[in-house]
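Letter by letter, the chains look like this.
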Amino acid sequence: MTPSLRPQLSPLMIEDLVRNALMEDLGRAGDITTYATIGPEKTATAGLNSREAGVVAGLPLAESAFRLIDPSVRFEALVGDGDRVTPGQPIARVSGPARSVLSAERVALNFLMHLSGVASYTARFAAEIAHTSARVTCTRKTLPGLRAVGKYAVRLGGGSNHRFGLDDAILIKDNHIAVAGGVASAINAARAYAGHLVKIEVEVDGLDQMREALTARPDVILLDNMGPDLLRQAVAINRGHHGLSAEAYAADVRRVLLEASGNVNIDTIRAIGETGVDYISTSKITMAAPTLDIGLDIVLT
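Residues numbered from 1 in each chain as written. Predicted model: local features only at pLDDT ≥ 70, side-chain atom pairs only at ≥ 80, totals over all residues. Heavy atoms only, no water.

Caption draft 1: Highlighting the pattern of salt bridges. Scanning the model with the defined rule gives 12 salt bridges in all. Across the pair R19 and E15 runs a salt bridge, and its minimum N-O distance is 2.6 Å. Here R19 and its partner E15 are both found in helix α1 (residues 11-26), four residues apart, which amounts to about one turn of the helix. In this structure, R67 engages E15 in a salt bridge whose closest nitrogen and oxygen atoms are separated by 3.9 Å. Residue R67 is found in helix α3 (residues 59-69), and its partner E15 is found in helix α1; the two are separated by 52 residues along the sequence. With a relative accessible area of 38%, R67 lands in the partly exposed category. Under the relative-accessibility criterion, E15 is labelled partly exposed at 26%. (Salt bridge = Lys/Arg side-chain N within 4 Å of Asp/Glu carboxyl O. Helix = DSSP H or I, 4+ residues; strand = E, 2+ residues; numbered from the N terminus. Buried < 20%, exposed > 50% of the residue type's maximum accessible area, 1.4 Å probe, protein only.)

If you want it as C-alpha cells, here you go:
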C-alpha cells in the first residue's frame, strides 16, 4: 500500500481514545512507581522495537499518548503505519523527561501492539486469497470503543471494511426475515425505507433463499455458513441470473455482490476465496488477532 493510499484517523478521535486510556491507567494518584523512583530532572531516550515480523498500525495513537502526558516529549516515527517490519526493527524513538516517557509507555504500547496485531493478522488472511478476486472484510464484532481504529488497522493490513455501525448500511439477517415475512418482503421494505445512497445486504442460509433474494435485487447477498461446494453453486446461480459469461461476471459492477461468512479462519479462507465470491467476512481479524510483540527499551548512554 502506497503512503498516499493509506487510511488516516481523525486527530480528534485519537485524542479522545488516548485520553480515556491514560485516565484509566493513571487513576487518582498518577504513576506512583515512577514518581517514587525517578527524579524530575532525569531525562530518557527510548526505542520502540518490534520483536517479531508484522504490519505496523497505531503510531498516531502511540505518539498521542506521549504528547498528552507531556508535550515536551519528542516522538520520532522510524516507519509508517502500514509498513512491514522484521524482528528487532526499530519502529519509533522517544526522548524527554524520564517520568513522562515511562508514564505513557503502557498506553502507547497497548494501542500499538493491538492494532499492529490486527493489521498483521489481516495481512495473513489477505495473503491466502491474493490469487483470487475476493477480499477479506471485517465485521461489527470489535472491541467496544475501538471499532474505528480496529477497522483502520484492517485496511492497513490489506482488508476492507464492512459497515461501521447500525446506521450506515442495511444488513437484513435471519431474525429480520422471520419477522418481516420472507426474504423478498424484507428487501422490498428496506428499499422503500432507505435513501438512495444506503446499501442493502441480505443474509441467506440456502440456495432457495438466495434465488428469492435475487428477484428483489439487493446490493449484496451474504451467504451464511455455506461450504465451498454450495458457494460455487451460488456464484453460478448469480452469474446465470444476470446472464453473464464467466469472463464478464467478475467485471460487471451492476450485478449483486456475494459475501461469504461463517466458519472463516486462516485455514479455510483460501478454499472460500477460490469459489468466486466477492467478499469474505470474518470477526477473526479483529477479535482473535494476536498482538504484535513490541517493546520500549531505554537507551543507556
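Caption draft 2: Quick peek at the environment of D297. Topologically, D297 is positioned in strand β12 (residues 294-298). By relative accessible area, D297 is classed as partly exposed at 30%. With 14 residues separating them in the primary sequence, D297 and S283 have C-alpha atoms 33 Å apart. A distance of 2.9 Å separates polar atoms of two side chains, one belonging to D297 and the other to N49. Within polar-contact distance, the side chain of D297 engages the side chain of R51 at 3.0 Å. (Polar contact = N/O pair within 3.5 Å; in protein donor to acceptor, adjacent residues only side chain to side chain.)

Caption draft 3: Expanded view of the packing of aromatic side chains. According to the stated counting rule, one finds two aromatic pairs in the structure shown. With 5.0 Å between their ring centres and 80° between their planes, Y121 and F125 make a pair best called edge-to-face. Taken as a pair, Y121 and F125 lie in helix α4 (residues 98-128) at a separation of four residues, close to a single helical turn. Each member of the pair, Y121 together with F125, is buried. The ring of Y249 has R255 lying over it, and the distance from NZ or CZ to the ring centre is 3.8 Å. (Phe/Tyr/Trp six-rings, centres within 6.5 Å; stacked < 30°, edge-to-face > 60°. Lys NZ or Arg CZ within 6 Å of the ring centre and 35° of its normal.)

Caption draft 4: Highlighting the pairing of strand β10 (residues 257-261). Burial within β10 is extensive, with four of its five residues counted as buried. Across five bridges, the pairing between strand β9 (residues 220-224) and β10 is parallel. By the bridge assignment for β10, V220 is matched with L257. Pairing geometry for β10 and strand β11 (residues 279-281), over three bridges, is parallel. Looking across to β11, one finds that S261 is bridged to S281. (Pairing = 2+ DSSP bridges.)

Caption draft 5: Local environment of the pairing of β9. When you tally the buried positions in β9, you get four out of five residues, the bulk of the element. Across four bridges, the pairing between strand β8 (residues 200-204) and β9 is parallel. Across the sheet, E203 pairs through a bridge with L222, a residue of β9. Once you follow β8 into helix α8 (residues 207-216) and on to β9, the crossover reads as right-handed. (Right-handed = clockwise from strand over helix to strand, strands pointing away.)

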